[in-house]
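Here is what each chain is made of, one letter per residue.
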Amino acid sequence: MSPAEPKKATETTPQRLEDGVQQLKVWLTKQPHLPNVDDEEWLATFLCHCKLSVEKAKHKLDGYFSVRNKYPHILKNRNPLDPEITLAGKACTIAISSRLTASGARIFHFKANGDPSMFDIDAQAKRVCMIIDATYLERDRHVNYACVFDLRNIHYSYFLKTLTRFPQLIDILLRGYTDRIVSFNGINAPPWIGKVVSTFKKYLPQKIGNRIHIHEEVSKLLECEWVDSEVLAKEFGGQGSSLDEYDEFTKRLLDKHAGWFADQESICSDEELRPKDRNNPEQLQGSFRKLEVD
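These figures come from a predicted structure and were not determined experimentally. (Residues numbered from 1 in each chain as written. Predicted model: local features only at pLDDT ≥ 70, side-chain atom pairs only at ≥ 80, totals over all residues. Heavy atoms only, no water.)

### Here's the deal with the overall build of the chain
Phase 1 of the analysis: Scanning the chain from terminus to terminus reveals 13 helices and five strands.
Phase 2 of the analysis: With the principal axes as the frame, the chain shows a C-alpha extent of 55 × 40 × 35 Å.
Phase 3 of the analysis: Counting all 294 residues of the chain, 54% fall into the buried class.
Phase 4 of the analysis: For the chain, contacts bridging at least 24 residues in sequence account for 77% of all contacts bridging at least 6.
Phase 5 of the analysis: Carbon and sulfur atoms form 50% of the exposed surface of the chain, whose accessible area is close to 13,900 Å².
Phase 6 of the analysis: For the chain, the separation between the mean place of its 41 positive charges and that of its 42 negative charges on side chains is 5 Å. (Helix = DSSP H or I, 4+ residues; strand = E, 2+ residues; numbered from the N terminus. Buried < 20%, exposed > 50% of the residue type's maximum accessible area, 1.4 Å probe, protein only. Contact = heavy atoms within 4.5 Å. Areas by Shrake-Rupley, 256 points an atom, 1.4 Å probe, with all protein chains shown as cover. Lys, Arg positive; Asp, Glu negative; His and termini not counted. Charge placed at Lys NZ, Arg CZ, Asp CG, Glu CD.)

### Remarks on the confidence of the model for the chain
Phase 1 of the analysis: Chain-level statistics for the chain give a pLDDT mean of 89 and a share of 90% at 70 or above.
Phase 2 of the analysis: Overall, residues 281-291 carries pLDDT values under 50, and its contacts beyond four positions in sequence, including any with other chains, amount to 23 contacts. (pLDDT = per-residue confidence, 0-100.)

### Here's the deal with the pairing of strand S3 (residues 144-150)
Phase 1 of the analysis: For S3, a buried count of six out of seven residues is recorded, marking the element as mostly surrounded by other parts of the structure.
Phase 2 of the analysis: Bridging between strand S2 (residues 105-112) and S3 involves seven bridges; their strand directions are parallel. Considered in S3, the bridge of Phe108 is made with Cys147.
Phase 3 of the analysis: Between the parallel elements S2 and S3, the chain passes through helix H6 (residues 121-137) in a crossover that is right-handed.
Phase 4 of the analysis: Direction of pairing for S3 relative to strand S4 (residues 181-187): parallel, over a ladder of six bridges. In the sheet register, Cys147 faces S4, and the bridge partner there is Phe184.
Phase 5 of the analysis: Between S3 and its parallel partner S4, the chain crosses via helix H7 (residues 156-176), and the hand of that crossover is right-handed. (Pairing = 2+ DSSP bridges. Right-handed = clockwise from strand over helix to strand, strands pointing away.)

### A few points about the side chain of Arg68
Phase 1 of the analysis: Structurally, the position occupied by Arg68 is in helix H3 (residues 54-70).
Phase 2 of the analysis: Buried within the structure, Arg68 lacks any salt-bridge partner; its nearest side chain of opposite charge belongs to Asp133, at an N-O separation of 4.8 Å.
Phase 3 of the analysis: Within the structure, Arg68 has its side chain in polar contact with the backbone oxygen of Ile267 (distance 2.6 Å).
Phase 4 of the analysis: With residues up to four places along the chain from it excluded, the contact list for Arg68 reads Leu75, Lys76, Arg78, Trp260, Gln264, Ile267 and Cys268. (Salt bridge = Lys/Arg side-chain N within 4 Å of Asp/Glu carboxyl O. Polar contact = N/O pair within 3.5 Å; in protein donor to acceptor, adjacent residues only side chain to side chain.)

### Quick notes on helix H2 (residues 40-49)
Phase 1 of the analysis: Of all ten residues in H2, eight are buried; the element is thus mostly enclosed.
Phase 2 of the analysis: Where H2 is buried, its residues meet helix H1 (14-29), H3, H6, H7 and helix H12 (258-263).
Phase 3 of the analysis: Backbone nitrogen of Glu41 and a side-chain oxygen of the N-cap are separated by 3.2 Å at the start of H2; the cap is Asp39.
Phase 4 of the analysis: Of the residues trailing H2, Lys51 is marked for its positive phi of about 55°.

### Comments concerning the sheet that holds S2
Phase 1 of the analysis: The five strands lie next to each other as S1-S2-S3-S4-S5, forming an open sheet whose pairing is mixed. Either end of the sheet is taken by a strand with one partner, and the two such strands are strand S1 (92-96) and strand S5 (212-214). Neighbour-to-neighbour, the strand axes of the sheet open up by a mean angle of 15°, direction not taken into account.
Phase 2 of the analysis: Along the sheet face, helix H5 (residues 83-91) touches S1 and S2 and points at about 90° away from the line of S1. (Axes fitted to C-alpha atoms, helices over the stretch in contact; angles between N-to-C directions.)

### Comments concerning helix H11 (residues 243-256)
Phase 1 of the analysis: If you check H11, its first and last C-alpha atoms are 20 Å apart, about what 14 residues at 1.5 Å a residue would give, namely 20 Å.
Phase 2 of the analysis: All of the buried residues along H11 are Leu243, Tyr246, Asp247, Phe249, Thr250, Leu253 and Leu254. The arc that holds the buried residues of H11, viewed along the axis, is 160°, so those residues lie on one side. Set apart from the buried face of H11 by more than 90 degrees, the exposed residues are Asp244 and Lys256.
Phase 3 of the analysis: Where the residues of H11 are buried, they touch S1, S2, H6 and H12. (Expected span 1.5 Å × (residues − 1). Arc of directions from axis to C-beta.)

In structure tokens, the structure reads:
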């Protein structure tokens with residue numbers, strides 16, 4: 001994966017980026033509960049995804065290392081070659097596009113294999129977070145993500161399993177990760193999907209709920225600003241690479257960074273050292289509707 005500049009690249013100057021990275025490094029050394037980060041390119045990517053806002057990056061870094069303790073079943077034991085992760089990839093194809101859309105988005109493709117008994121929501125959530133982390137390591141400074149779900153093989157049981165962990169996954173993505181998801185798009189949906197989507201929206205900030213769209217025809221999906229037909233997988237109605245090719249690209253990306261995932265196993269916040277006058281992430285939990293959403 002080659003580095004990709006954000007759409008508003010003119011606002012990013014090398015000096016401004018360097019200054020921001022140094023501010024974050026100094027800030028981290030003064031946080032007794034957070035680990036130091038020596039990888040300046042990783043910090044630069046993190047900062048770019050925060051639109052060069054140092055204050056937002058500080059908040060996100062705190063959350064990024066804190067949620068690892070809070071949700072170890074999702075954010076620890078992340079070996080790409082582990083049978084759990086391998087089975088997750090077979091149960092549901094989750095693959096990112098190997099190139100950006102014209103508007104600067106990277107497309108996340110999702111397609112279940114139709115066997116709910118193979119579907120482990122913890123493993124799926126873990127794999128999604130691993131993919132996002134791997135893009136950070138590739139210095140991938142895309143503008144945002146567009147998600148497309150092929151729902152033709154979906155049964156009620158998939159949603160029942162997902163609902164048990166959905167609030168946790170939303171908390172992880174909004175509190176700890178910097179990526180902006182601009183649209184969630186479903187195609188080939190069964191008739192009952194509308195009621196299920198309405199249930200899921202109850203757990204989401206309104207701004208995110210408004211980004212969920214179920215398309216009766218693929219042509220409607222291709223009208224979306226962030227979905228580029230030349231990048232969307234062929235099986236999803238686009239002219240990009242095949243879903244298998246994107247899946248293989250995603251697997252190689254995870255395998256490439258297996259060492260990093262192993263090294264990160266103990267890299268997290270130490271809540272016992274968190275300054276007493278600071279807000280505790282547990283106290284910030286509250287309603288998802290109160291979380292800041294881009």
